[in-house]
Each structure stands twice: as C-alpha cells, then as structure tokens.
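Next come the chains, spelled out residue by residue.
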Amino acid sequence: PGKPTLYGSVTRRGLSSEGIPDITASEGFLVQEVTKKSILISCPHENVSTKFLAPYTTFSRIHQKSITCLDISSGGGLGVSTSTDGTMKIWQAANGEIRRLLEGHVYDVNCCRFFPSGLVVLSGGMDAQLKIWSAEDASCVVTFKGHKGGILDTAIVDRGRNVLSCSRDGTARLWDCGKSACLGVIADCGSPVNGIAVGTADDSLNLGTPENPPSEREIGTEGKILLLAREDKKLQGVGLQSRQPVFLFVGSDAFNCCTFLSSTYVLAGTQDGNIYQLDVRNTSSPVQVIHRSGAPVLSLLPYRDGFIASQGN
C-alpha cells in the first residue's frame, strides 16, 4: 500500500521430462518453486510472494455467462449457482452434472444458498422476491414478498425455521418459513445492504432488549447478532431478537460482504480492497486491516484457522 504497482510477466520456455513447466519471470521477479499444480513467484525487492494454483477441476458447462453466487450443500454432494445468463441450477459437486433448473424469479437471481439439510435452497432476486425451492424436484415451495428493491444477500437462522434477507431498499428482514410471513424489519439503514451474516454473540456483549415480546414464530433468534455490510461505508451489528443496534463501524468504502470468524471476531470487505477484522466487543478500531490490492473484496468465507477472500481482479 502506498507504493507504485510493479508489473511483470511470466513465460513458459518448455516442459521438463517429468512434465513440470520450465518458467522464467521478468526483471525484479523470481520463480521460486514450480509443480504441476502451482507456481510460486516472489518479488525480492518488496519482500512479497504469491502462489498461483491451478484449478483442481473445472466445470465449464453449467452456465454460459458469469457466475454471480454459489453454494455447496453441507454434505458436499450438491452445488447451486446463479449466473448473469439468468439461470439458477443445482448440480453434482463431483462431476458438474446438472440435476435441476430452478425457474420462477423475474430478472436476475442475485443469491442462492442451501439450508443445513441440503434438501432445500433459498434464493433472492432483483424482483425483490425471496424463494425457497426443493432440491429434489425443483419446485418453488414458498415465495416471500415485502422488500421494495432487489435482494442482495440472505442468511439462515439455525436449522432454517427462520431466514433473513437484505435488499437495495435498505432493510434487513426476518421471515418465518412455515407461514411464509415477515416477522419483522430487523434494520432500516436508508442505504442498500450488500451483505449480511448471522452469528452467536459473545456472552459479554449486550444485545439490547426487545421493545415488544418476540413472536413465538421466532425460532433461534435469541443471543444472535446480525451483521450488515452497507453501501454507505458502514458495517453495523444489530441484536437479532432485540432489533437494537450493537455497534456501527465506518470503513474506507462501501462494504460488500461480511462473515463471522468466531463469536468475537468478524470480517468485512470493502469496494476499495480492504478486509477489516473487528472484535465485536470493541469496534472503535479494527484488530487488523488486510490490503492486498485495490480490487473490490467480493466474498469472504471462514476456512480452518483463517479465511478465503475473493477479489474483483
């Protein structure tokens, strides 16, 4: 950060007898290690290195255009994905074979995810509708209406009796799947909410008290905190049951995505390439800010002891 970008090129000169490519890099860069599956490039002058990995498998027949969202079922057997080709499909994770086409949204589908059971899919679209689908026969079981703008992200509470959505209309809503009804507006931000995540809050955190007693249709909202990644450069924490604000953190640019690392640590990514790690007990300053490039941070996923981030470069 703060220094001019260094550009270089990597050239393959041939293959060794073991089938490993012979690779050289332009001035200022060093090829350190090459295998059939990876290339490690370093820039000694700046003391940085990057490992490029070859894809393990590529499925190129599922969609015709850019893939906007995907999820894998908890057992790992099925994938679901949405694309700018206007389709949402369920496919086998092992071989990419298409199993179901989920049709019913008007305009683009923005987000899709499996319920913990792996038998049901939740999706949200530009048509401001949230839909629940059977992965077994591709039928749309439930449609939720109430948002005034396109739905940008969803979250599932516990096993999925309740679900959450956020929208360009600036609200995050809680829904009851059994009665296909809106249980309430959890937050109204006055600015598009690009991403949400729900997690169990640290015991020491004061989540606030609900103004009215919660509906008996609310299942699993107690002790949970909802994260909102907002377009107006704010990351907000809200008590899911209380609907009360817990914290508000102002970042460098619009927040695109957020996730929980634990009950105390959260991550959020911005349009200008920052990944913020925050401690929910004290959000006055971040635990750390990671900046690899100025490209937008598009998604975040906890993985083992760290996390995976995708960027728009």
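Calculation notes
Along each chain, the written sequence defines residue order, and numbers are assigned to residues from 1. Per-residue local features of the predicted model are confined to residues with pLDDT of at least 70, and side-chain atom pairs are confined, for both listing and counting, to 80 or more; whole-chain, interface and lining totals are unaffected and use all residues. The side-chain figures draw on all heavy atoms in the structure; neither hydrogens nor water molecules are used. A run of H or I in DSSP becomes a helix once it reaches four residues, and a run of E becomes a strand once it reaches two; helices and strands are each numbered from the N terminus. Buried means the residue's accessible area, taken with a 1.4 Å probe over protein chains only, is under 20% of the maximum for its type, while exposed means over 50%, and partly exposed covers the values in between. Throughout, a contact is declared for two residues whenever any of their heavy atoms are within 4.5 Å. Throughout, the Shrake-Rupley method with a 1.4 Å probe supplies accessible areas, and for residues the shown protein chains are the sole cover considered. His is not counted here, nor are the chain ends, while Lys and Arg score as positive and Asp and Glu score as negative. Charge positions are represented by NZ for Lys, CZ for Arg, CG for Asp and CD for Glu. Put simply, a salt bridge is a Lys or Arg side-chain nitrogen that is within 4 Å of an Asp or Glu carboxyl oxygen. Any two strands with at least two DSSP bridges between them are considered paired. Grid spacing is 1 Å over the protein atoms alone, the probe is 1.4 Å, and a cavity is where that probe fits but cannot get out, while a pocket is an open set with protein on both sides within 12 Å along at least five of seven lines and lining residues have an atom within 4 Å of a point. Grid points are joined across faces, edges and corners, and a volume is the space filled by probe spheres set on the points. What counts as an axis is a line fitted to C-alpha atoms, over the stretch in contact for a helix, and the angles between N-to-C directions run from 0 to 180 degrees. Disulfides are defined as pairs of cysteine sulfur atoms found within 2.5 Å of each other. UniProt positions are given in the numbering used here, feature names are shortened, and annotations may be inferred rather than shown by experiment. Two aromatic rings from Phe, Tyr or Trp, using only the six-membered ring of Trp, form a pair when their centres are within 6.5 Å; if the ring planes differ by under 30 degrees the pair is stacked, by over 60 it is edge-to-face, and anything between is tilted.

### A word on the overall build of the chain
Looking only at helices and strands, the chain features zero helices and 27 strands. For the chain, the spread of C-alpha atoms along the three principal axes comes to 70 × 50 × 30 Å. Residues classed as buried in the chain amount to 43% of the 313 residues present. Summarising the internal contacts of the chain: among those between residues at least 6 apart in sequence, 38% fall at separations of at least 24. Surface exposure of the chain reaches about 16600 Å², of which carbon and sulfur atoms provide 48%. Between the mean site of the 29 positive side-chain charges and the mean site of the 30 negative ones, the chain shows a separation of 4 Å.

### Let's talk about the pattern of salt bridges
Inspection of the entire model under this criterion finds seven salt bridges. Residues aspartate 22 and arginine 13 are paired through a salt bridge, measuring 3.2 Å at the closest nitrogen-oxygen approach. With its nearest N and O atoms 2.6 Å apart, the salt bridge here joins aspartate 176 to arginine 217. Separated by 41 residues along the polypeptide, aspartate 176 in strand S16 (residues 171–176) and arginine 217 in the loop between strand S18 (193–200) and strand S19 (224–230) bring together distant segments of the chain.

### Some points on the pairing of strand S1 (residues 10–15)
Along any regular strand the residues' side chains alternate between the sheet's two faces. Across the six residues that make up S1, only a small minority, zero, are buried. The sheet contact formed by S1 and strand S2 (residues 21–25) spans five bridges and is antiparallel. Residue pairing in the sheet places leucine 15 in a bridge with proline 21 of S2. Hairpin connection from S1 to S2: five residues lie between these consecutive antiparallel strands, with glycine 19 at a positive phi of about 85 degrees.

### Here's the deal with the layout of surface pockets
Looking at the largest pocket, its volume works out to about 1700 Å³. Residue lining of the largest pocket: 44 residues in total, with Cys69, Leu70, Arg113, Ser299 and Leu300 positioned closest to the centre. Only strand S6 (67–72), strand S10 (109–114), strand S14 (151–157), S18, strand S22 (255–260), strand S26 (297–303) and strand S27 (306–311) provide two or more residues apiece to the lining of the largest pocket. A per-element tally of the lining of the largest pocket places S6 first, with six residues.

### Re the sheet that holds S22
The four strands lie next to each other as S22-S23-S24-S25, forming an open sheet whose pairing is antiparallel. Unpaired on one side and paired on the other, S22 and strand S25 (288–291) mark the two borders of the sheet. Within the sheet, the average angular offset between the axes of one strand and its neighbour, ignoring direction, is 20 degrees.

### Here's the deal with the state of the cysteines
Per the stated rule, a full pass over the model turns up zero disulfides. Residue cysteine 69 stays outside any disulfide, its sulfur separated by 3.9 Å from that of cysteine 112, the closest cysteine. Cysteine 177 takes part in no disulfide bond, and the closest cysteine sulfur, belonging to cysteine 140, lies 12 Å away. According to the relative accessible area criterion, cysteine 177 is buried, its value standing at 14%.

### Topic: the UniProt feature "repeat: WD" (unreviewed entry) in the chain
In the numbering used here, UniProt assigns the feature "repeat: WD" (unreviewed entry) to residues 60–101, 102–143 and 144–176. What you have in residues 102–143 is 0% helix and 50% strand, and the ends, taken at the C-alpha atoms, are 13 Å apart.

### Notes on the packing of aromatic side chains
According to the stated counting rule, one finds four aromatic pairs in the structure shown. Summarising the aromatic geometry, the rings of phenylalanine 59 and tryptophan 91 are spaced 6.0 Å apart at their centres and angled 65 degrees between planes, so their arrangement reads as edge-to-face. Pair noted here: phenylalanine 59 is in the loop between strand S5 (48–53) and S6 and tryptophan 91 is in strand S8 (residues 88–92), with a separation of 32 residues, a long-range link. Taking 5.2 Å as the distance between ring centres and 65 degrees as the angle between the ring planes, the aromatic pair formed by phenylalanine 249 and tyrosine 276 counts as edge-to-face. Linking phenylalanine 249 in strand S21 (residues 245–250) with tyrosine 276 in strand S24 (residues 274–279), this pair joins segments that are 27 residues apart in sequence. Both residues of the pair, phenylalanine 249 and tyrosine 276, belong to the buried class. Members of the aromatic cluster, joined through ring pairs, are Phe249, Phe255 and Tyr276.

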